[in-house]
Amino acid sequence: MAARPVQGGLCMVMAIALIVIVVGSVLFHFLSPWVATPLASNWHQMDATLTITLVITGVFFIGINLFVVWTLLRYRHKEGLRAAYEPNNHKLERRLTLFTSIGIMALLAPGLFVYAEYVEPPKDALVMEVLGQQWQWRYRFPGPSGKLGLTDPRFVAGNNPFGIDPGDPNGREDIVVNSNEVHLPLGRPVKVLLRSHDVLHDFFAPPFRARMNMVPGMVTSFWFTPTQVGRFEVLCAQLCGMGHSNMRGYVVVDEPQKFAAWLKEQPTHAMALAPPAAAAVAAAPGDRVANGKALAQSKGCVACHTVDGSAGVGPTWKGLFGKTETMADGSTAKVDEAYIHDFIRNPSARVVKGFQPIMPKLDVSDEEMAALTAYIASLGGGAARP
Ligand code: CUA
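Since this is a predicted model, take the numbers as computed values, not measurements. (Residues numbered from 1 in each chain as written. Predicted model: local features only at pLDDT ≥ 70, side-chain atom pairs only at ≥ 80, totals over all residues. Heavy atoms only, no water.)

A.B. asks: Hey, could you run me through the pattern of salt bridges in this one?
C.D. replies: Two side chains bearing opposite charge may form a pair once their charged atoms approach each other closely. If you walk through the whole model with that rule in mind, you get 10 salt bridges. One salt bridge connects Glu129 with Arg195, and the closest N-O pair in it is separated by 2.9 Å. In this pair, Glu129 is assigned in strand E1 (residues 126-133) and Arg195 in strand E5 (residues 190-196), connecting sequence segments 66 residues apart. Among the residues examined, Arg195 registers a relative accessible area of 16% and is labelled buried. (Salt bridge = Lys/Arg side-chain N within 4 Å of Asp/Glu carboxyl O. Helix = DSSP H or I, 4+ residues; strand = E, 2+ residues; numbered from the N terminus. Buried < 20%, exposed > 50% of the residue type's maximum accessible area, 1.4 Å probe, protein only.)

Encoded structure:
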């Protein structure tokens, strides 16, 4: 019987391995430097439910592993010992069903209570709408009427990303923040409405412990009250394509007076519809390049296009302007202003050889287009052309 000592030895190895895993996991939990960011909102209940989940799953994790260790040692192979066949043990099954049910209810119930509160904002909450789009954030606040303008996908355009109904007077007063950074007042509940232009996104600022999916075709919502002044990073928490990791933004929490001053400076939808001032159109080439660089960042272009010549998902912008590109169909095209405009306006019309046809269609205003083109041109092969 040569097999016996090997089996006995294997039992010991597995038992020791399990004990190492259990002890290591517990030590890792208490000694790990990765701890949650300090809470910056009212949602301490989120942390409480996470702790409840951790304690319940932790107890079961330790208990089940130690039980397996015990059975490995207690019932290891012995000469003449046979396992008893017991197809039905109603007493044991009833107990296991009961304990499992209690455990699962204890895991789910606290979260349901918190969720019920999470989607029921206080009456005096400030309303903020967040619009997600591959791969950028935009924000909208109601004007003096306190009511957001009606929207419809039919009205979505470069200067109207929210699709605000031009016939609705409330809509003209809406404050539209065309940037990935938004400000909020300290200590006031905020009702957040979420929409998506294209695919699933998820608005998440970890210190607020608040997040929600953005689903194309519906408006989702939650609320929170910022309790700390500061600048908090917003992450997209749904894998939404190539630029997902770059879909970031900021929520700046200000004292209420400072927030009011910031809000006053933001353009209304009516202003965005007005033709741009001649001064802005005739911006100095240097300003345009700087604007274009900022846009490349906020619109997520940099997720796919490098500016240092290194390989990316899309062609690098270094030396692109002025170069002759070969298309997948063998045709060639010189990269000039018209080429860049066409590509941004209609990315799927042609495919550059060696690249996938995955460039998303962005809504860019003429002004933004000019700035982006100026920036790309400034990175071009020859001398930068204004
Ligand atoms: Cu949007 Cu990930």
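Additional details are given in the paragraphs that follow.
A.B. asks: Could you clarify how one ought to interpret the packing of aromatic side chains in this entry?
C.D. replies: Each aromatic ring pair is described using two quantities: the centre-to-centre distance and the angle formed by the ring planes. Inspection of every chain in the model, using the stated rule, returns 17 aromatic pairs. Arranged with centres 5.3 Å apart and planes meeting at 15°, the rings of Tyr118 and Phe222 form a pair that is stacked. Of the two residues, Tyr118 is situated in helix H3 (residues 90-118) and Phe222 in strand E8 (residues 220-224); the sequence distance between them amounts to 104 residues. Each member of the pair, Tyr118 together with Phe222, is buried. On the numbers, 6.1 Å between centres and 20° between planes, the contact of Phe222 with Phe224 is stacked. The exposure class assigned to Phe222 is buried, which follows from its relative accessible area of 1%. For Phe224, a relative accessible area of 2% translates into the label buried. Chaining the aromatic ring pairs together yields one cluster made of Trp43, Tyr115, Tyr118, Phe208, Phe222, Trp223, Phe224 and Phe232. A cation over a ring is seen here: Arg74 above Tyr75, with NZ or CZ 4.9 Å from the ring centre. Positioned above the aromatic ring of Tyr250, the side-chain terminus of Arg231 is 3.7 Å from the ring centre. (Phe/Tyr/Trp six-rings, centres within 6.5 Å; stacked < 30°, edge-to-face > 60°. Lys NZ or Arg CZ within 6 Å of the ring centre and 35° of its normal.)

A.B. asks: In this structure, what is going on with the packing of helix H2 (residues 44-74) against H3? I would like to understand it.
C.D. replies: Each pair of packed helices can be summarised by the angle the axes make with each other and by the distance between the axes. Across the interface, H2 lies against H3 with an axial gap of 10 Å and an inter-helix angle of 170°. Classified by the angle their axes make, H2 and H3 are roughly antiparallel. Note on element contacts: H3 touches H2 through Gly103, Ala106, Leu107, Pro110, Gly111, Val114, Glu117 and Tyr118, opposite Gln45, Met46, Thr49, Ile52, Thr53, Ile56 and Thr57. The residue makeup of the contact of H2 with H3, split by class, is 8 nonpolar, 6 polar and 1 charged. (Axes fitted to C-alpha atoms, helices over the stretch in contact; angles between N-to-C directions. Parallel < 35°, antiparallel > 145°, perpendicular 65-115°, else oblique. Contact = heavy atoms within 4.5 Å. Nonpolar A, V, L, I, M, F, W, Y, C, P; charged D, E, K, R; others polar.)

A.B. asks: I tried to follow unusual backbone geometry on my own but got confused; where do I start?
C.D. replies: Looking along the chain, the bond that leaves Gln134 and enters Trp135 is cis, with omega of -5°. Position of Trp135 relative to the elements: it lies in the loop between E1 and strand E2 (136-141). Phi is positive for Arg209, which is not a glycine, with a value near 55°. Its location among the elements puts Arg209 in the loop between strand E6 (201-205) and strand E7 (210-214).

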